[in-house]
Amino acid sequence: MQTRSITVEREGPNRPAEGRLIPWPEVPAYPVLGDLGPMGIGGSGAGSGAAGLLALGAPFFTTAGRTALAWAFKAAGLVPGDRVLLPAYHCLAMVEPLEWLGLEAVYYRLHDDLSIDLEDLEAGSDPACKALVAVHYFGFPQDAVRLRAFCDSAGLALIEDCAHSFYGSCAGAPMGSFGDYAIGSLPKFFPLRGGGCLVSSRHEVPRQVLAGHGPVGNLQALVRELQMAHYYGRLRALRPATFGAAAAAKLLALAGLGGDPARLGCGAAGLETAAGWVARRSLATSAPEEIADRRRRHYATICRLLSGVPGITLLKPRLETGVVPYMVPLRIPALGRIFATLEDRAVPMQRFGQFLAPALAPGLCPVSDDLSHHGLQLPCHQSLWDDEIEWMVTQLADVCTKAGKQPGRMPAEH
Ligand SMILES: Cc1ncc(COP(=O)(O)O)c(C=O)c1O
């Protein structure tokens, strides 16, 4: 993440002298003001961590959302060869766990608003399917009541993928409470680079004791999170302390006492390792109401600033009560033409579903095909500053407006 290009195109080579260092793009740089989560000090709403997915039951912490998904399949009793209904609009991280466990993906359609095409599913789903994974895209709820009824009647385990919806509610109930199991991806809502969780309000979650990271591994993780915050200009007063801790961590690692980075990877190797102490501590000391409030405010601001900009469609312009957004999803017809320019301007952004699984039949789900080319998301996380939001939106609006006026190569200047 730190190596992300922050350059602009100029005469000669790109140089990292321009652009804005905005926490990229989904990872908040540190908890909301006054809450130094990992250290457990300060904290306007600190200590009220049992909210969102954590309020559904004792969490089973994993290295990532994808490892939590694998554990959900295991907990639901799936065995190699079983089939799983996956949405056609997905990221490849959702497909990986099926490959690790020898499961087969069967893709299902979505409507243009990204709601699940339940009529299509009800019209005849594959009896060999054992589970259905549902995503509340960007924090916006699916029709969970109907989905639950469908899964019950079809004998499917419902796995709510709450990677985008750690907080929030639908039909008056918390996100994640409809599924047999729900999974979360911690970096999308907390200032962390890794971690996931599996929860359930209906069944026991696994009780296996997964490998820990050890004190030095935890110290290294804390240093990494603080360095990320400093890189983005946050928590400046802690720089000397971070410097000291980084030196100590390095010496301990040189002495052979450090954690094994391979174990922390997100691949199948990460299945037997737990989320680290820093991740669990961050969650426990976070301020859910403030996180939700800031995210909603940022989301509304971005929608207001972008509404009416030519060449940009807001996919979810209405922020209903109970939604705690993950990112602001947009559709930009000229995305293919302007993407490199946006990257050179260092606009923090993400393209969820840019690459879809090779096994997905083209044409099965037109909206997924379309968004893989034209879908872009802007961050609205709690760490953003107002001037950062304004800068980011101005850049995007400028590039889109210019693209509308002059087809072909895009201008690079600010
Ligand atoms: C909807 C969805 N599910 C699962 C995942 C996997 O989460 P992680 O990256 O923490 O493994 C992601 C993100 O990558 C996601 O967007």
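This structure is a prediction, so every number in the text was calculated from the model and none was measured. (Residues numbered from 1 in each chain as written. Predicted model: local features only at pLDDT ≥ 70, side-chain atom pairs only at ≥ 80, totals over all residues. Heavy atoms only, no water.)

(A) Region of the structure containing the site of the ligand. The ligand sits among 13 residues. The nearest are Gly65, Arg66, Asp161, His164 and Ser185. Within the side chain of Asp161, a nitrogen or oxygen atom sits 2.6 Å from a nitrogen atom of the ligand. His164 places a polar side-chain atom, nitrogen or oxygen, 2.8 Å from an oxygen atom of the ligand. Coverage of the ligand by the protein amounts to 91% of the 380 Å² it exposes when considered alone. Looking at side-chain class alone, the shell around the ligand contains 7 nonpolar, 3 polar and 3 charged residues. (Near = heavy atom within 4 Å. Polar contact = N/O pair within 3.5 Å; in protein donor to acceptor, adjacent residues only side chain to side chain. Areas by Shrake-Rupley, 256 points an atom, 1.4 Å probe, with all protein chains shown as cover. Nonpolar A, V, L, I, M, F, W, Y, C, P; charged D, E, K, R; others polar.)

(B) Looking closely at the side chain of His374. Mapped onto the elements, His374 comes out in helix 10 (residues 366-374). Once you skip the residues sitting within four places of it in the chain, His374 turns out to touch Leu330, Arg331, Ile332, Pro333 and Leu335. (Helix = DSSP H or I, 4+ residues; strand = E, 2+ residues; numbered from the N terminus. Contact = heavy atoms within 4.5 Å.)

(C) Fine view of the environment of Trp385. Checked against the element boundaries, Trp385 lands in the loop between strand 14 (375-379) and helix 11 (386-405). Note on Trp385: relative accessible area 35%, which makes it partly exposed. In the structure, Trp385 is positioned 87 residues away from His298 in sequence and 9.1 Å away in space, judged by C-alpha atoms. Excluding residues within four positions of it along the chain, Trp385 makes contact with Tyr232, Gly233 and Arg234. (Buried < 20%, exposed > 50% of the residue type's maximum accessible area, 1.4 Å probe, protein only.)

(D) Highlighting the sheet that holds strand 13 (residues 327-331). Read across the sheet, 3 strands follow the order 12-13-14 without closing on themselves; strand pairing throughout is antiparallel. Each edge of the sheet is formed by a strand with only one pairing partner; in this case those strands are strand 12 (313-314) and strand 14. In the sheet, strand 13 pairs with strand 14 via 5 bridges, with the strands oriented antiparallel. Considered in strand 14, the bridge of Leu330 is made with Leu376. (Pairing = 2+ DSSP bridges.)

(E) Quick peek at the side chain of Arg148. Positionally, Arg148 belongs in helix 4 (residues 144-154). There is a polar contact of 2.8 Å between the side chain of Arg148 and the backbone oxygen of Phe178. Non-local contacts of Arg148, meaning those with residues more than four positions away in its chain, are made with Leu156, Leu158, Phe178, Gly179, Asp180 and Arg202.

(F) Representation of the confidence of the model for the chain. With 84% of its residues at a pLDDT of 70 or more, the chain has an overall mean of 86. Scored below 50 in pLDDT, residues 1-9 shows 41 contacts in the model against residues more than four places distant or in partner chains. Across residues 31-49, confidence stays below pLDDT 50; counting only partners more than four residues off in sequence or on other chains, it has 53 contacts. (pLDDT = per-residue confidence, 0-100.)

(G) Inspection of helix 8 (residues 288-306) at higher detail. Between the first and last C-alpha of helix 8 there are 27 Å, a value that for 19 residues agrees with the 27 Å anticipated at 1.5 Å per step. Among all positions in helix 8, only Pro288, Ile291, Ala292, Arg294, Arg295, His298, Tyr299, Ile302, Cys303 and Leu306 are buried. Where helix 8 is buried, its residues meet strand 12, strand 13, strand 14 and helix 11. Looking one or two places after helix 8, you find Gly308, whose phi comes out positive at around 90°. (Expected span 1.5 Å × (residues − 1).)

(H) Looking closely at the pattern of salt bridges. Taken as a whole, this structure holds 17 salt bridges when the rule is applied. A salt bridge links Glu204 to Arg207, with the shortest nitrogen-to-oxygen separation between them at 2.8 Å. Accessibility expressed as a relative area gives 66% for Arg207, which makes it exposed. With a closest N to O distance of 4.0 Å, Glu320 and Arg318 form a salt bridge. Salt bridges sharing common partners tie together Arg83, Glu104 and Asp126. (Salt bridge = Lys/Arg side-chain N within 4 Å of Asp/Glu carboxyl O.)

(I) Representation of the pairing of strand 10 (residues 181-185) within the structure. In terms of burial, strand 10 is largely enclosed, as 5 of its 5 residues are buried. Alternating residues of strand 10 divide into Tyr181, Ile183 and Ser185 and Ala182 and Gly184, and every residue in both groups is buried. Both strand 7 (residues 157-161) and strand 10 contribute to a ladder of 3 bridges, which runs parallel. By the bridge assignment for strand 10, Glu160 is matched with Ala182. As paired elements, strand 10 and strand 11 (residues 196-199) share 4 bridges and run antiparallel to each other. Its bridge partner being in strand 11, Gly184 is matched across the sheet by Cys197.

(J) Just unusual backbone geometry, in detail. Phi is positive for Phe138, which is not a glycine, with a value near 60°. By secondary structure assignment, the location of Phe138 is in the loop between strand 6 (129-135) and helix 4. Even without being glycine, Ala346 reaches a positive phi, approximately 65°. Considering the arrangement of structural elements, one finds Ala346 in the loop between helix 9 (335-344) and helix 10.

(K) Representation of the environment of Ser200. Along the chain, Ser200 falls in the loop between strand 11 and helix 5 (214-231). We classify Ser200 as buried; its relative accessible area is 8%. Not counting chain neighbours up to four residues away, the residues in contact with Ser200 comprise Leu56, Gly57, Asp180, Tyr181 and Val205. Among the polar contacts listed, one links the side chain of Ser200 to the backbone oxygen of Asp180, at a separation of 2.6 Å.

(L) Highlighting the packing of aromatic side chains. One pass over the structure, following the stated rule, counts 14 aromatic pairs. Aromatic pair Phe166 and Tyr167: ring centres 5.1 Å apart, planes at 75°, arrangement edge-to-face. Each member of the pair, Phe166 as well as Tyr167, carries the same accessibility label: buried. Both rings, one in Phe189 and one in Tyr326, keep their centres 6.3 Å apart while their planes meet at 35°; by these two values the pair is tilted. Placement of Phe189 in the loop between strand 10 and strand 11 and of Tyr326 in the loop between strand 12 and strand 13 is noted, with a sequence separation of 137 residues between them. Note on accessibility: Phe189 and Tyr326 belong to one class, buried. What links up through ring pairs into an aromatic cluster is the set Phe166, Tyr167, Phe189, Phe190 and Tyr326. Over the aromatic face of Trp385 sits the side chain of Arg234, whose NZ or CZ is 3.5 Å from the ring centroid. (Phe/Tyr/Trp six-rings, centres within 6.5 Å; stacked < 30°, edge-to-face > 60°. Lys NZ or Arg CZ within 6 Å of the ring centre and 35° of its normal.)

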